[in-house]
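Results of the structural survey
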Amino acid sequence: VNNTWTAGKSELEKDVILDPYFGIFGNKQVPFKLTFSEENNMLKGEAPGQTPLYFEPSGKDRFKHEAFGIELQFNETKTEVKLIQGGEITFTREK
């Protein structure tokens, strides 16, 4: 699925492909893993035992969830994602 999004619009277009962001990311200092997939043309983030959150693109390799004040920043190769909410935690791709 080549779901995409254009800056300045709230609907998906043909500029950002979500598939490279899918996977499982972990951090040895945090007792949970983050799983990213796609649902309803949005990037879905899940942690075990938590309600899934849906993130909107906010820039190159960046996604946000405004209501919870969470920002995700993926590195260029999509092997790491930085979760920013007050502080920052970096998760590394495991799968």
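Throughout, residues of each chain are indexed from 1 in the direction in which the sequence is written. Restriction of local features to residues with pLDDT of at least 70 applies here, the model being predicted, together with a cutoff of 80 or more for giving and counting side-chain atom pairs; totals for whole chains, interfaces and linings are based on all residues. Note: side-chain values were computed over all heavy atoms of the structure, leaving out hydrogens and water.

1. Thoughts on the pairing of strand S5 (residues 62-65)
Burial of S5 is one-sided: the residues Phe63 and His65 facing one way are buried, the residues Arg62 and Lys64 facing the other way are not. Being paired, for any two strands, means DSSP has found at least two bridges between them. Secondary structure elements are defined from DSSP: runs of H or I of at least 4 residues count as helices, runs of E of at least 2 residues count as strands, and each element is numbered from the N terminus. Looking at chain direction, strand S4 (residues 53-59) and S5 are connected through three bridges and run antiparallel. Bridge pairing in S5 places Gly59 opposite Arg62. Hairpin connection, S4 to S5: the antiparallel pair is bridged by two residues, and Asp61 has positive phi, about 60°. Pairing analysis gives four bridges linking S5 to strand S6 (residues 70-74), with the strands arranged antiparallel. From the neighbouring strand, Lys64 faces S6, where its bridge partner is Glu71. In this antiparallel pair of consecutive strands, S5 and S6, the connection spans four residues, and Gly69 shows a positive phi of 65°. Only protein chains enter the accessibility calculation, which uses a 1.4 Å probe; a residue is then buried when its area is under 20% of its type maximum, exposed when over 50%, and partly exposed in between.

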